Amino acid sequence: MKKLVIDRLKEAGFLISEDGTLHPPLIDKEGLRQIHRPASQLEIITRQDWLRRHLPEYLPFFANGEEIIPEHIEPILVEVTTEQQHNLFRVARLLWSIPFSKGYGRRLRFLIMDRANNKLIGLLALQSPPLSFPARDRLFRYPPGRKTEMVNQTMDIQTLGAVPPYDRLLGGKLVALIAASNEIRQVYWHKYSGRATEMAQRILPPHLVALTTTSAFGRSSLYNRLRYNGIRIAESLGYTEGYGTFHLMELYPLFRRFLESQGISTRGGFGTGPRRKWQTMVRALDRLGLSSDLLRHGIKREVFLFRLVDNLEAYMEGRDTEPAYRNLPFSDLVTWWRERWLLPRAERMDGWRKWRKEEIKSLLLIEQDKAAK
């Protein structure tokens, strides 16, 4: 199994020095997608039975290119609450180039639909932020003993993007604008107002004052220069340090079986949160005589901050007692997107018209003999 880990990393283009340090390959965004592909394919393979049963029901929610009239696109925001909505979100999320995660802590999921044809435009999902996030934490001097309270008035963007063929029409820009809308924080307020935290049973202020996220592949073309009427929506905070598990996710089931065979439990549970995969891999690498430095893949992602209030620093540092919210109505953001990105793109490019929803089958359904391997 130790050889399998080394071979997997070398196949992805990584170099391993004698001291166990991992050196990332010098590749472009397409190369990064290739590194993520085994983990993404693992998610698809494990859901084959479910997809074969349910994809025919949800395929009609995806548009053919010819079903879209750019001038008539009418986005609406739908909070995911029903089983059907959850299933549609699940199908669409499997189209992403990076692996699917259920998220953790406080969670909100949204479908962005096109009222003009009842087709899916894109997805937005928020989750509790990491308590320690250097790129964010460098911005603030939290009040003594109140970091958890202040950080928990932010959320992390877990999923954001558009599905074909709306992605060809810069639908991702639309979803990114919507993330900063009044309506998102209003949904948050209604869901979490008066609710106690699970671990400490504390009732935190139901304010949503900021969002954070990281780009999928290095420098982001989606969030850079994202503005609305002179307001910078996404603010770059630099880059992550290059730690993670995605480059070994294809081996994660083997790591778990290996540890379980040695009497080490890998089961999740309350309080394990997003670190379970990390801890499992560290333990497995250690038992195999490999350095945990192999989890330092060196592929850095750009970090972005979405300010939902104008007095973010003053509020997060306790100098202001109330957030001064920006006024960003959903309808205004849609209008801005339509004029700034949608219509110019639709006029310059027409490849999106040739997209057929049947292509989703080829992306998500794997031949039975391949799925069994």
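For the structure, check the block above.
Heads up: these notes are all about the structure in this document.

Conventions used here
- Residues numbered from 1 in each chain as written.
- Predicted model: local features only at pLDDT ≥ 70, side-chain atom pairs only at ≥ 80, totals over all residues.
- Heavy atoms only, no water.
- Helix = DSSP H or I, 4+ residues; strand = E, 2+ residues; numbered from the N terminus.
- Buried < 20%, exposed > 50% of the residue type's maximum accessible area, 1.4 Å probe, protein only.
- Contact = heavy atoms within 4.5 Å.
- Areas by Shrake-Rupley, 256 points an atom, 1.4 Å probe, with all protein chains shown as cover.
- Core = buried A, V, L, I, M, F, W, Y, C linked by side-chain atoms within 4.5 Å.
- Phe/Tyr/Trp six-rings, centres within 6.5 Å; stacked < 30°, edge-to-face > 60°.
- Lys NZ or Arg CZ within 6 Å of the ring centre and 35° of its normal.

**Side note on the overall build of the protein**
Across its full length, the protein carries 14 helices and eleven strands. Classification of the 373 residues of the protein by burial places 51% in the buried group. Counting contacts in the protein only where the partners sit at least 6 residues apart, residues at least 24 apart contribute 77% of the total. Carbon and sulfur atoms make up 49% of the accessible area of the protein, which totals about 18,400 Å².

**Looking at the nonpolar core**
In this structure, Leu 124, Leu 211 and Phe 306 are the most contacted members of the largest nonpolar core, which totals 46 residues. With seven residues, helix H12 (residues 330–348) is the largest single contributor of residues to this core. Setting aside chain neighbours within four positions, we find Leu 124 in contact with Phe 89, Leu 108, Arg 109, Phe 110, Ile 112, Ile 157, Thr 159, Leu 160, Val 175, Ala 179 and Ile 184. Tyr 58, Leu 94, Leu 120 and Leu 123 belong to the second largest nonpolar core, which has 27 residues in total.

**Let's talk about the packing of aromatic side chains**
Summed over the entire model, instances satisfying the criterion amount to six aromatic pairs. Consider the rings of Phe 140 and Tyr 142, whose centres lie 5.8 Å apart with planes at 55 degrees: the pair is tilted. Of the residues examined, Tyr 142 reaches a relative accessible area of 16% and is grouped as buried. Residues Tyr 228 and Trp 336 carry aromatic rings whose centres are separated by 5.5 Å and whose planes lie at 80 degrees to one another, so their mutual orientation is edge-to-face. On the criterion of sequence distance, the pair formed by Tyr 228 in strand E8 (residues 227–228) and Trp 336 in helix H12 is long-range, its members being 108 residues apart. Through successive ring pairs, a cluster of aromatic residues spans Tyr 223, Phe 304 and Phe 306. Sitting over the ring of Trp 50, Arg 90 keeps its end group 4.6 Å from the ring centre. The residue whose ring lies beneath Arg 185 is Tyr 325, and the NZ or CZ to ring-centre distance is 4.1 Å.

**Digging into the environment of Leu 222**
Positionally, Leu 222 belongs in the loop between strand E7 (210–214) and E8. For the pair Leu 222 and Leu 160, spaced 62 residues apart in sequence, the C-alpha separation works out to 9.9 Å.

Remember, this is a structural readout, not a statement about activity or role.
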